[in-house]
Amino acid sequence: MEAISLDQSATVDELVEACIHAFDETGTLKDPSLVRMFLMMHPWYLPSNDMAKKLLLKSQEESSTAELRTRICHLVKYWISEFPAEFNLNPELAEQIKDLKDLLTTEGNERQSQLIDIDSVPSYKWKRQVTQRQPSMSKKRKMSLLFDHLDSSELATHLTYLEYKSFCKILFQDYHSFVMHGCTVDNPILERFITLFNSVSQWIQLMVLSKPTAPQRAAVISHFIRVAQKLLQLQNFNTLMAVVGGLSNSSISRLKDTQSHISNETNKVFNSLIELVTSCGNYSQYRRRFSDCTGFRFPILGVHLKDLIAVHVALSDWADPGKSRVNLAKSQQLYVILQELALIQTTPPSIDANTDLLNLLTVSLDQYHTEEEIYQLSLQKEPRSAKPANSGSSPAPAPQPSMIDEWAASVKPKADPAVINKHIEKMVDSVFKNFDTDGDGHISREEFEIIRNNFPYLSKFGELDKNHPLALSIPRSSSRSCSLGSEVQLSFHLILWAVGT
């Protein structure tokens, strides 16, 4: 262990040997730095299945002593305890470790065999599920499902809840795949997280553009600037970046008439937030602020992914042309970044989320538009020839470039009918539970007018036909056997009612 320094190089076999001898016969690990780093970083050089084979073969060698086998078992025990998801999500790896355990038992080494407990590893299959999991927390009070009425702090906390839950599904293997491929190919969990980031930004733009008048649009912008302030207080820099990106997008920043109705003080706050997450100086302001945070803190993942790629491109995996000696300097730099991201997942925010609001928010964020579609909607609200109505106000701030980095903008969500159906199902339940006050299974025209404000994409259909006689009703089924029909009927009613046919 002492013979290998993290600023040197070593062969894979030397690293495996050093990790084995880092434990004494009682299982004491005096300095876990090299051991934990190698266990996290070894897929760069050695697949986990091959790592398990090496340990199994070492335990079977003629020169293998009881003491050596005990050290190997302690290493395996530590590997399982520190990275349990790897064993649950890789059946072949788990099977090889079981073979080692069975071999020890067969040879009469029961005490050593008992050190390896692979059967008690919990299930981590939820980390591979792309859909958002909904909390089972009960409501303590009635909460408005209307985003226009929602307090900025409550909206900030619920956005934080959704994004953090998505972030917690990301495993080390996802980062490794992203760095090796340079994209999210065959990486649905990381892609889903990036898509959620983009969806927040787009949803904010649509919420602004859904309002018919400049003062109303300015009020929405001011509201989301307050949301951004609350996100900063929560130390949620990732969602803060998404909100600032949405508000500084060209489709919003070009709205001169709208911008003229925003107070100078609010503009100052927004400009300070832009400066905090700007890429100037390699995101120096953000990095300083983030490093000073204690407790829950949510990083701008895109910045750290870029750090991973920068290290990967700048340094070789191997310290020699023959690819026999691992470049430990590179391993250590990658490990520092990945270890910090892993530790963040173990410090959740203290948030009491409202299930109904999460259902509605999830469906709202699942709507996708292209940048061109949103920009065209912006042009409809304020054509290029339009001049600010209040020329005496302070000039609107210059258009800011989008804060969404290429790593995020390149990801396009893939519509999954089953996922969308599940979200809409829960949203329908939440809407009827909160707005069908008399329990007759119908939503009145006035209630529907309020509800549609949560789905800004419906604004393209114009105002409701007030002479339209229909009422919105969705068939309810405890067995959910007609859930697809509910989705179709909901969409059908929304469109028909909106266009007044």
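Throughout what follows, the structure given in this document is the object of discussion.

Rules of the game
Residues numbered from 1 in each chain as written. Predicted model: local features only at pLDDT ≥ 70, side-chain atom pairs only at ≥ 80, totals over all residues. Heavy atoms only, no water. Helix = DSSP H or I, 4+ residues; strand = E, 2+ residues; numbered from the N terminus. Buried < 20%, exposed > 50% of the residue type's maximum accessible area, 1.4 Å probe, protein only. Contact = heavy atoms within 4.5 Å. Areas by Shrake-Rupley, 256 points an atom, 1.4 Å probe, with all protein chains shown as cover. Lys, Arg positive; Asp, Glu negative; His and termini not counted. Salt bridge = Lys/Arg side-chain N within 4 Å of Asp/Glu carboxyl O. Polar contact = N/O pair within 3.5 Å; in protein donor to acceptor, adjacent residues only side chain to side chain. Axes fitted to C-alpha atoms, helices over the stretch in contact; angles between N-to-C directions. Left-handed = near helix turned anticlockwise from the far one by under 90°. Core = buried A, V, L, I, M, F, W, Y, C linked by side-chain atoms within 4.5 Å. Phe/Tyr/Trp six-rings, centres within 6.5 Å; stacked < 30°, edge-to-face > 60°. Lys NZ or Arg CZ within 6 Å of the ring centre and 35° of its normal. Expected span 1.5 Å × (residues − 1). Parallel < 35°, antiparallel > 145°, perpendicular 65-115°, else oblique. Nonpolar A, V, L, I, M, F, W, Y, C, P; charged D, E, K, R; others polar.

1. Comments concerning the overall build of the protein
Along its length, the protein carries 24 helices and 4 strands. Taken over 501 residues, the protein has a buried fraction of 53%. Excluding contacts between residues fewer than 6 apart, the proportion of contacts in the protein whose partners are at least 24 apart in sequence is 77%. Total accessible area computed for the protein in this model is approximately 22900 Å², and 53% of it derives from carbon and sulfur atoms.

2. Some details on the side chain of arginine 254
Secondary-structure assignment places arginine 254 in the loop between helix H13 (250-253) and helix H14 (256-259). Among buried charged residues, arginine 254 stands out as having no salt bridge; its nearest opposite-charge side chain is glutamate 382, 5.6 Å away. Polar contacts involving the side chain of arginine 254 include one to the side chain of serine 378, which spans 2.8 Å. With residues up to four places along the chain from it excluded, the contact list for arginine 254 reads Tyr375, Ser378, Leu379, Glu382, Pro383 and Arg384.

3. Describing the packing of helix H1 (residues 12-20) against helix H3 (residues 48-60)
Packed helices, taken two at a time, are described by their axes: the angle between them and the distance between them. With their axes 12 Å apart at the nearest point, H1 and H3 run at an angle of 65° to one another. Considering how the two elements wind past one another, H1 and H3 form a crossing that is right-handed. The segment H1 lies against H3, with Val12, Asp13, Val16, Glu17 and Ile20 engaging Met51, Lys54, Leu55 and Lys58.

4. Points about the nonpolar core
Phe167, Phe224 and Leu240 are the most contacted members of the largest nonpolar core, which has 130 residues in total. Broken down by element, the residue count for this core peaks at 13 residues, all from helix H10 (residues 188-209). Contacts of phenylalanine 224, omitting those with residues within four sequence positions, involve Leu155, Trp203, Ile204, Met207, Val243 and Leu247.

5. Topic: the packing of aromatic side chains
As enumerated under the stated definition, the model contains 15 aromatic pairs in all. When the ring of phenylalanine 237 is compared with that of phenylalanine 290, the centres are 5.8 Å apart and the planes differ by 80°; the resulting orientation is edge-to-face. Taken as a pair, phenylalanine 237 in helix H12 (residues 237-247) and phenylalanine 290 in helix H16 (residues 280-291) lie far apart in primary sequence, 53 residues in all. Using a relative accessible area of 4% as the deciding quantity, one classes phenylalanine 290 as buried. Chaining the aromatic ring pairs together yields one cluster made of Tyr164, Phe167, Phe193, Phe296 and Phe298. The ring of tyrosine 375 carries the charged tip of arginine 254 above its face, separated from the ring centre by 5.8 Å.

6. Let's talk about helix H20 (residues 371-381)
Of the residues making up H20, those classed as buried are Ile374, Leu377, Ser378 and Leu379. For H20, the secondary structure elements touched by its buried residues are H10 and H13.

7. Overview of helix H6 (residues 91-106)
The first and last C-alpha atoms of H6 sit 22 Å apart over 16 residues, in line with the 22 Å expected at 1.5 Å per residue. Where the residues of H6 are buried, they touch H3, helix H4 (66-82), helix H5 (84-88) and helix H7 (110-113). Glycine 108 sits one or two positions beyond H6 and adopts a positive phi of about 85°.

8. Some thoughts on the packing of helix H8 (residues 152-167) against helix H19 (residues 355-365)
Where H8 contacts H19, the two axes come as close as 11 Å, and the packing angle between them is 70°. The angle between the axes of H8 and H19 places the two elements in the roughly perpendicular class. Seen from H8, the contacting residues are Leu155, His158, Leu159, Tyr161 and Leu162; seen from H19, they are Leu357, Leu358, Leu361, Thr362 and Leu365. Considered class by class, the residues forming the contact of H8 with H19 number 8 nonpolar, 2 polar and no charged.

9. Things to note about unusual backbone geometry
Even without a glycine there, the phi angle at asparagine 282 is positive, about 55°. Considering the arrangement of structural elements, one finds asparagine 282 in helix H16. Under the relative-accessibility criterion, asparagine 282 is labelled partly exposed at 49%. Of note, tyrosine 283 is a non-glycine position whose phi angle comes to about 60°, a positive value. Tracing the chain through its elements places tyrosine 283 in helix H16. Owing to a relative accessible area of 6%, tyrosine 283 belongs among the buried residues under this scheme.

10. Considerations on the side chain of serine 248
Counting through the fold element by element, serine 248 comes out in the loop between H12 and H13. In this structure the side chain of serine 248 is engaged in a polar contact, spanning 2.7 Å, whose partner is the backbone oxygen of valine 244.

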